[in-house]
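# A look at the structure
If you want the building blocks of each chain, they are given just below.
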Amino acid sequence: MNVLVINSGSSSIKYQLLDMRTEHVLCSGAVERIGEAVGSLTHKIAPSTEGEDKITLTQPIADHEEGMHLVIGLITDAEKGVVKSMDEIEAIGHRIVQGGDVFNASCRVDDRVVDELTKLIPLGPVHNPGHLAGIRVARHLFPKVPQVTVFDTVFHQTMPPRAYMYALPYELYEELKVRRYGFHGTSHAYVTKEAARFLGKPAEEANLITVHLGNGSSMCCVQNGKSIDTSMGLTPLEGLIMGTRCGDADLAIYPLLGAAKGLSIEEINDLTNKQSGFKGICGKNDMRDIHEAVAQGDAKARLALDMFGYRNRKYIGSYLAVLGRVDAIVFTAGIGENDPVARELSCRGLEHLGIRLDHDRNLAQARGARDIATSDSPVRVLVIPTNEELEIARQTVEVLRAN
Ligand code: ADP
């Protein structure tokens, strides 16, 4: 079965077409700057293989429908297409960030799902409108193809109330559904299964702390294969220090900024989500640039790195306390997979709690799943590459088989 995975944002559509018999990626790409004066489309055939071929288009792309038309044109192109016709696209999986507590599993798209996603816009104002645009266009262009929504929040729907409630007036939860939802669930779910496989035990028996460190970062406390706590909250703002998001911060900063600087709620929201984190501390949001700056003696970049490691350590420590027995700490995503310094800072000082990183194994450049703990470490420390698109495609197939 060929599954087209779509991650549609407000002005972009990222996609991957996978052949699920082999789980190979046939092509992938991104339409960007939809609705702007000049948009772009980058399309890769057989990405990350020897036969990789890249096509780039630069032109105005008025809306999501025009963007999808361009994508379909390239996928089915007579010369460079990876399939002969649209009929060979047999299912579509949509990535959805906010599923609230309405969705506790991936599900087939129908009018009810679209209605529920529309009602969830207040809880996911940044992402859900873009997802809905993608669903609308895909249903219009592929009326006969079954479509499935896969949610970032679903994996965390197993959190108990003590972990997901905020200690705010209870009415806010009842009236507005103000609670912690958690995100990156597709990634945490994927690496949980992969880590369990690596450890040679059923996922249902695995106690893990999964550490997704990318532009956005979150941690998940996994007991018996299920999420029982996670660092992101109502929105992806809470928790770890990220590229441009501050993570945990005292809510009283809001009124102070309002009073002292005359900032509006929108401006403060922008400040905490887009001007903070690494960028706010040292002016750089990409971890590679931060390392370069540290090497040149930049004290603020050093501070950003230290704050990042310290926050990660605090979270790992708190999840160790929650879990008691832990099989493995699992690092994933851009920083988690590639940055030995970030991993070392995140585990530093936790040796007495059973986490012993092997210096050389941590430094070794390798692809694929690997164990970087010392042989005698009571807790394993794993690096597991995440693959959210593959997880979405797998869940799409699973939902359609179950139907
Ligand atoms: P996203 O959250 O956008 O999916 P990624 O998972 O791709 O992000 O992670 C992006 C982050 O990973 C960036 O901060 C980038 O600097 C970092 N990164 C990627 N490769 C490396 C590397 N080799 N060393 C250190 N950091 C890296």
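Our structure's up above, just so we're on the same page.
Here is a short report on the structure shown in this document. Keep in mind that what you see is a predicted model, and the values were worked out from it rather than measured.

Quick notes on the rules
Residues numbered from 1 in each chain as written. Predicted model: local features only at pLDDT ≥ 70, side-chain atom pairs only at ≥ 80, totals over all residues. Heavy atoms only, no water. Pairing = 2+ DSSP bridges. Helix = DSSP H or I, 4+ residues; strand = E, 2+ residues; numbered from the N terminus. Contact = heavy atoms within 4.5 Å. Axes fitted to C-alpha atoms, helices over the stretch in contact; angles between N-to-C directions. Buried < 20%, exposed > 50% of the residue type's maximum accessible area, 1.4 Å probe, protein only. 1 Å grid on protein atoms, 1.4 Å probe; cavity = no way out; pocket = protein on both sides within 12 Å on 5 of 7 lines; lining within 4 Å. Points joined across faces, edges and corners; volume = space filled by probe spheres on them. Nonpolar A, V, L, I, M, F, W, Y, C, P; charged D, E, K, R; others polar. Core = buried A, V, L, I, M, F, W, Y, C linked by side-chain atoms within 4.5 Å. Phe/Tyr/Trp six-rings, centres within 6.5 Å; stacked < 30°, edge-to-face > 60°. Lys NZ or Arg CZ within 6 Å of the ring centre and 35° of its normal. Disulfide = S-S within 2.5 Å. Near = heavy atom within 4 Å. Polar contact = N/O pair within 3.5 Å; in protein donor to acceptor, adjacent residues only side chain to side chain. Areas by Shrake-Rupley, 256 points an atom, 1.4 Å probe, with all protein chains shown as cover.

Pairing in this open sheet of eight strands is mixed, and the strands run β5-β4-β3-β2-β1-β6-β8-β7 from one edge to the other. Whereas interior strands pair on both sides, the edge strands pair on one side only; in this sheet they are β5 (53-59) and β7 (107-108). Two elements, strand β2 (residues 13-19) and strand β3 (residues 24-32), share seven bridges in a ladder whose sense is antiparallel. When the sheet's bridge partners are listed, tyrosine 15 is paired in β3 with glycine 29. Helix α2 (residues 111-119) contacts β6 (91-96), β7 and β8 (147-151) of the sheet and is inclined by roughly 30° relative to β8. Where helix α15 (residues 388-402) meets the sheet, its contacts fall on β1 (2-8), β2, β6, β7 and β8, and the angle it forms with β6 comes to roughly 125°.

So, on to the pairing of strand β12 (residues 328-332). For β12, the buried fraction is high: five of the five residues fall into the buried class. Covered by surrounding structure in β12 are Ala328, Val330 and Thr332 together with Ile329 and Phe331, the residues of both alternating faces. Pairing of strand β9 (residues 208-213) with β12, which is carried by five bridges, proceeds in the parallel orientation. Looking across to β12, one finds that histidine 212 is bridged to threonine 332. Of the pairings in the sheet, the one linking β12 to strand β14 (residues 380-383) comprises four bridges and is parallel in character. Bridging from a neighbouring strand, phenylalanine 331 pairs with valine 383 of β14.

Attention shifts here to empty space enclosed by the protein. Counted by the stated rule, this structure contains one cavity of 30 Å³ or more. Around the largest cavity, the lining residues are Met165, Tyr166, Leu168, Pro169, Tyr170, Leu172, Tyr173 and Val178. Its residues assigned to classes, the lining of the largest cavity shows eight nonpolar, no polar and no charged.

With that out of the way, let us pick up the nonpolar core. Among the nonpolar cores identified, the biggest contains 37 residues, and Ile209, Met219, Phe278, Ile316, Ile329 and Ile355 are the most heavily contacted of them. If one sorts the elements of this core by residue count, helix α11 (residues 299-323) sits on top with nine residues. Setting aside anything within four residues of it in sequence, one finds methionine 219 in contact with His188, Ile209, Thr210, Val211, Asp229, Thr230, Ser231, Leu240, Asn312, Tyr315, Ile316 and Tyr319. Leu18, Ala196, Val222 and Leu390 belong to the second largest nonpolar core, which has 28 residues in total.

Let's shift gears to the packing of aromatic side chains. Following the criterion strictly, the structure yields five aromatic pairs and no others. With 5.1 Å between their ring centres and 75° between their planes, phenylalanine 278 and phenylalanine 308 make a pair best called edge-to-face. In this pair, phenylalanine 278 is assigned in helix α9 (residues 277-282) and phenylalanine 308 in helix α11, connecting sequence segments 30 residues apart. Judged by its relative accessible area of 2%, phenylalanine 278 falls in the buried class. Feature note: the residues Tyr164, Tyr170 and Tyr173 constitute an aromatic cluster, connected by ring pairs. Here the guanidinium or amino end of arginine 179 rests over the ring plane of tyrosine 164, the centre of that ring lying 3.6 Å away.

On to the state of the cysteines, then. Summed over all chains, the structure comprises zero disulfides. Not part of a disulfide, cysteine 347 finds its nearest cysteine sulfur in cysteine 221, a span of 15 Å. Relative accessible area serves as the criterion here: at 2%, cysteine 347 is assigned to the buried category.

Here the focus is the site of the ligand. Every residue close to the ligand is listed here: Gly214, Asn215, Gly216, Asp286, Met287, Arg288, Ala333, Gly334, Ile335, Asn338 and Asp339. Here an oxygen atom of the ligand sits 2.9 Å away from a polar atom, N or O, in the main chain of glycine 334. The separation between an oxygen atom of the ligand and a polar main-chain atom of isoleucine 335 is 3.3 Å. Alone, the ligand offers 580 Å² of accessible surface; in the complex the protein occludes 68% of this. Elements represented by at least two residues in the shell around the ligand include exactly α10 (287-295) and α12 (333-338).

Examined against the element boundaries, valine 97 turns out to sit in the loop between β6 and β7. Residues valine 97 and isoleucine 253, 156 residues apart in the sequence, show an inter-C-alpha distance of 27 Å. With residues near it in sequence (within four places) discarded, valine 97 still touches His127, Asn128, His131, Asp152, Thr153 and Phe183.

In short, shape yes, function no, at least from these values alone.
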